[in-house]
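Next come the chains, spelled out residue by residue.
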Amino acid sequence: MKTSTLSQNGVSSPVADLIARLVDLIAWPLRRLAMGDVAVSLLNSKARVAEDVFGWNRSTVKLGMNEFRTQIVCVNDLSARRKPKAEEKDPRLLADIIEIMTPHSEAESRLRTTLLYTNMTAKAVYGCLPQKGWPEEELPSVRTISSILERHDYRLRTVAKTKVQKKLRTPTRFSKMSGK
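J.: Could you give me a rundown of helix H9 (residues 142-151), with the residues and numbers involved?
T.: Every buried residue belonging to H9 is among Ile145, Ser146, Ile148 and Leu149, and all of these are buried. What you see down the axis of H9 is that its buried residues fit within an arc of 160°, all on one side.

Right, dumping it as structure tokens:
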């Protein structure tokens, strides 16, 4: 812990711990403003010392110091940071995939979940999309189609009737028993 800057400003270690706990109780974005206030008031505007002493991200502290200095709070639009999904870009894609998958899907036999089981793969759906009028250059990748199917609760499962049943080996009346 960098005690030189704290001791120059007359801040003891228990007070620094109390400041860290109190700032953690404040909601964002006011917490960032409080971090900037602490850094300017107690740490001589040193973001690196705030990182060492309190464990705060120094870029967040720098932004908080600028907010404290200008009294303008920066607003983060976190919802705009994500990349839109393929079906959000073109809703026609999802409608065509559902239309392709509907005849090949069935619900779970016990109806415990909303999952639809299918024996059709994402590669097969990819092959069916050009028949629906999709040009080759606009087709999403097979991995994208697989992700769309997973997001909309389609699961690839083998059909239970095609599984080979194990033969049970039961001893017959005439078979020799070991140990006798």
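Read on for the rest.
J.: Help me get a handle on unusual backbone geometry, residues and values and all.
T.: Residue Pro29 follows Trp28 across a cis peptide bond; omega there is -5°. Phi at Asn44 takes a positive value of approximately 55°, unusual for a residue other than glycine. Positionally, Asn44 belongs in the loop between helix H3 (30-42) and helix H4 (47-54). Overall, Asn44 belongs to the partly exposed group, its relative accessible area being 37%.

J.: Describe the packing of aromatic side chains, listing the residues and the values that go with them.
T.: Each aromatic ring pair is characterised by the separation of its centres together with the angle its planes make. Under the defined criterion, the tally for this structure stands at one aromatic pair. Relative to Trp56, the ring of Phe54 lies with its centre 4.4 Å away and its plane at 20°, an arrangement referred to as stacked. Seen from the ring of Trp134, Arg92 lies directly overhead, with NZ or CZ sitting 4.3 Å from the centre.

J.: Any chance you could break down the pattern of salt bridges for me, citing the residues and the numbers?
T.: Counting across every chain of the model gives six salt bridges. Arg32 is paired through a salt bridge with Glu67; the nearest N and O atoms lie 2.8 Å apart. Of this pair, Arg32 sits in helix H3 while Glu67 sits in helix H5 (residues 58-70), and the two are 35 residues apart along the sequence. The pair Arg32 / Glu67 is uniform in exposure class, with both members buried. Residues Arg92 and Asp90 are paired through a salt bridge, measuring 3.7 Å at the closest nitrogen-oxygen approach.

J.: Summarise the packing of helix H2 (residues 13-25) against H3; cite the residues concerned and give the values.
T.: Contact geometry for H2 and H3: axes closest at 8 Å, N-to-C directions at 155°. Relative to H3, the element H2 is oriented roughly antiparallel. H2 and H3 meet at a crossing whose hand is right-handed. Contacts between H2 and H3 involve Ile19, Val23 and Asp24 from the first element and Arg31, Ala34, Met35, Val38 and Leu42 from the second. Residue composition of the contact of H2 with H3, by class: six nonpolar, no polar and two charged.

J.: Could you give an account of the side chain of Glu67, naming the residues involved and the relevant values?
T.: In this structure Glu67 comes out as buried when scored by relative accessible area, which is 1%. A polar side-chain atom of Glu67 sits 3.0 Å from the main-chain amide nitrogen of Cys74. The residues touching Glu67, leaving out its near neighbours within four places in the chain, are Pro29, Arg32, Leu33, Ile72, Val73 and Cys74.

Thresholds applied
- Residues numbered from 1 in each chain as written.
- Predicted model: local features only at pLDDT ≥ 70, side-chain atom pairs only at ≥ 80, totals over all residues.
- Heavy atoms only, no water.
- Buried < 20%, exposed > 50% of the residue type's maximum accessible area, 1.4 Å probe, protein only.
- Helix = DSSP H or I, 4+ residues; strand = E, 2+ residues; numbered from the N terminus.
- Arc of directions from axis to C-beta.
- Phe/Tyr/Trp six-rings, centres within 6.5 Å; stacked < 30°, edge-to-face > 60°.
- Lys NZ or Arg CZ within 6 Å of the ring centre and 35° of its normal.
- Salt bridge = Lys/Arg side-chain N within 4 Å of Asp/Glu carboxyl O.
- Axes fitted to C-alpha atoms, helices over the stretch in contact; angles between N-to-C directions.
- Parallel < 35°, antiparallel > 145°, perpendicular 65-115°, else oblique.
- Left-handed = near helix turned anticlockwise from the far one by under 90°.
- Contact = heavy atoms within 4.5 Å.
- Nonpolar A, V, L, I, M, F, W, Y, C, P; charged D, E, K, R; others polar.
- Polar contact = N/O pair within 3.5 Å; in protein donor to acceptor, adjacent residues only side chain to side chain.

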